[in-house]
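Examination of the molecular architecture
Residue strings, one per chain:
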Protein chains: 2
Amino acid sequence: MQLTRQSEYAIRTLLELSKYSDGEFIQSRAIAIQQDLPVQFLNKTVQILARTGLVETRRGMQGGIRLAVKPETITIADVVVAIEGKIAINPCLADDYHCVNRPNCRVHEILERAQSAMLAELDKETLADLVRDDNNERVI
Amino acid sequence: MQLTRQSEYAIRTLLELSKYSDGEFIQSRAIAIQQDLPVQFLNKTVQILARTGLVETRRGMQGGIRLAVKPETITIADVVVAIEGKIAINPCLADDYHCVNRPNCRVHEILERAQSAMLAELDKETLADLVRDDNNERVI
DNA sequence: AAGTAATAAGATTGTATTTATCCTATATAA
DNA sequence: TTATATAGGATAAATACAATCTTATTACTT
Ligand code: SF4
Ligand code: SF4
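This structure is a prediction, so every number in the text was calculated from the model and none was measured.

**Re the protein's contact with DNA strand D**
The local shell around DNA strand D holds 24 residues, among which Ser 28, Gln 47 and Thr 57 of chain A together with Arg 5 and Arg 59 of chain B are the closest. Contact between DNA strand D and Lys 44 of chain A: a base nitrogen at 3.0 Å from a side-chain N or O atom of the residue. The separation between a phosphate oxygen of DNA strand D and a polar main-chain atom of Arg 5 of chain B is 2.9 Å. Its residues assigned to classes, the surface near DNA strand D shows 5 nonpolar, 11 polar and 8 charged.

Below you can see the structure in the form of C-alpha cells.
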C-alpha cells in the first residue's frame, strides 16, 4: 500500500522545475543534486513525464527540462497518475478488471470511496501551491 | 499503490464469520469455499487475525474460527491494519522513518492528508454494517 | 488409548514489481 | 565536428507478494 518511489521523485522534480518556470531548461543533473535523487533514475522518470506531456525536454548543449504547462494547473494527483497510471487500490477498481462478486460486493464500494477520498486530497494542491508555501518558509 | 490481496481476503473472511457470530466455530475450508479463497493462504491470514485478536481459533474436531469481538466494533480499517500493519502510503509516513527534508517538506504534508482521508473512509464502516446491507440485497 | 480432524507454524517456492544502472543512439548548440 | 545533454532499450539487483508444502499441535470421538 505505497506509492512508488518514482512518484515522489516525480513530484519533487516538478516542484524544482516550478521554481523557475520562465521557459528556461534545467538540466537533470542539477535537479538530481538539488533534490538528492539518483540521476539516472530521474532521467527515466523525466521520460515518462515528457511522454505524458507534463514537461518538455531538449537534448544537447543548453538542453534540459522545463514544465510544459503552468504549475498552477498540475496537481499532485496528476503527477502520480502520470507515473503510475490510473490508481486502483484494489484490483477491482481498475477499469478492465472483472470480478463475479462485484454486483453485490459492498467491499468494492467502500474501497472505492476510500480511494476517491485519497485522490480528492491529492487533487486539491497544485505545484504552484507547494512552491509558494515552500518560499514562504524560507523567507520567515 | 494497492492493498495486498491478503487484506481483501481478510475482510471477506471476517464478513463471512460475521454472518454467524453466535459463538459457533466455522471451518476455514468452509469459508474458503463460500468466498472462493485459496484455503491454505486463508489459513495463514487467519493466523494473523488470531494473533491480533480479531478472531479466535480452535483446533481439532469441531474446531474452526469465530470472531473474537462483536462485528459492530470491527472496521475495515482495523482489518487492513491487522494484516498490513500501520499504513504508510509513503515511507516518511511511517513512525520510524527519518527524512532530512521532512521539516519543511510540503509533499509529506499532502500525502499525510491523503492517507488520513482514505483511512477515515475505511474507518467509517464496520463488519456489521456490511453484513446488514449484504442481507438486504438478498431479501430484495 | 488410538484415530481422525482441524488449525499453527515455519520453510520454501514462484512470480511480479520496484529501483535502479549500463550502454548506445540521437539531438543540439557552439 | 566536437562536446553535451536527454532518449531508449536491456538488464540487473533487491524487495515484496502470493501461494504452497511440510510438520507440528490440539481436541474431539470412538
Ligand atoms: S470481491 Fe468485491 S472487493 Fe473483492 S475484487 Fe470482487 S468486487 Fe472487488
Ligand atoms: S522528501 Fe518529503 S515526502 Fe519525500 S520522504 Fe522526505 S519528507 Fe517524505
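**Comments concerning the relation of the copies chain B and chain A**
For the pair chain B and chain A, the superposition axis carries a translation of 0.0 Å, the fit reaches an RMSD of 0.0 Å, and the rotation angle comes to 180°. One copy is carried onto the other by what is essentially a two-fold rotation axis. Comparing interface residues between copies, 100% of those in chain B also lie at the interface in chain A; the contact surface is shared.

**Focus on helix 5 (residues 106-122) of chain A**
A rise of 1.5 Å per residue sets the reference length of helix 5 of chain A, with its 17 residues, at 24 Å; its end C-alpha atoms lie 25 Å apart and thus fit the reference within 8%. For helix 5 of chain A, the set of buried residues is Arg 106, Val 107, His 108, Ile 110, Leu 111, Ala 114, Gln 115, Ala 117, Met 118, Glu 121 and Leu 122 of chain A.

**Points about the site of ligand 1**
Taken together, Asn 90, Cys 92, Cys 99, Asn 101, Arg 102, Cys 105, Val 107 and His 108 of chain A together with Glu 8 and Arg 12 of chain B are the residues near ligand 1. The set of elements that each furnish at least two residues to the shell around ligand 1 consists of helix 5 of chain A together with helix 1 (5-18) of chain B. Grouping the constituent residues of the shell around ligand 1 by class yields 4 nonpolar, 3 polar and 3 charged.

**Side note on the protein's contact with DNA strand C**
Taken together, 24 residues lie around DNA strand C, and Tyr 9 of chain A together with Gln 27, Ser 28, Lys 44 and Thr 57 of chain B are the ones closest in. Considering DNA strand C, the proportion of its atoms within 4 Å of the protein that are sugar or phosphate atoms stands at 65%. Within the side chain of Gln 47 of chain B, one N or O atom sits 2.9 Å away from a base nitrogen of DNA strand C. Thr 57 of chain B is positioned such that a nitrogen or oxygen atom in its side chain is 2.6 Å from a phosphate oxygen of DNA strand C. Contributions of two or more residues to the surface near DNA strand C are made by helix 1 (5-18) and helix 3 (39-51) of chain A together with helix 3 (39-51) and strand 1 (55-58) of chain B. When grouped by side-chain class, the residues that make up the surface near DNA strand C number 5 nonpolar, 11 polar and 8 charged.

Rules used throughout
Residues numbered from 1 in each chain as written. Chains lettered and ligands numbered in written order. Predicted model: local features only at pLDDT ≥ 70, side-chain atom pairs only at ≥ 80, totals over all residues. Heavy atoms only, no water. Near = heavy atom within 4 Å. Polar contact = N/O pair within 3.5 Å; in protein donor to acceptor, adjacent residues only side chain to side chain. Nonpolar A, V, L, I, M, F, W, Y, C, P; charged D, E, K, R; others polar. Least-squares fit on C-alpha atoms with pLDDT ≥ 70 in both. Contact = heavy atoms within 4.5 Å. Helix = DSSP H or I, 4+ residues; strand = E, 2+ residues; numbered from the N terminus. Expected span 1.5 Å × (residues − 1). Buried < 20%, exposed > 50% of the residue type's maximum accessible area, 1.4 Å probe, protein only.

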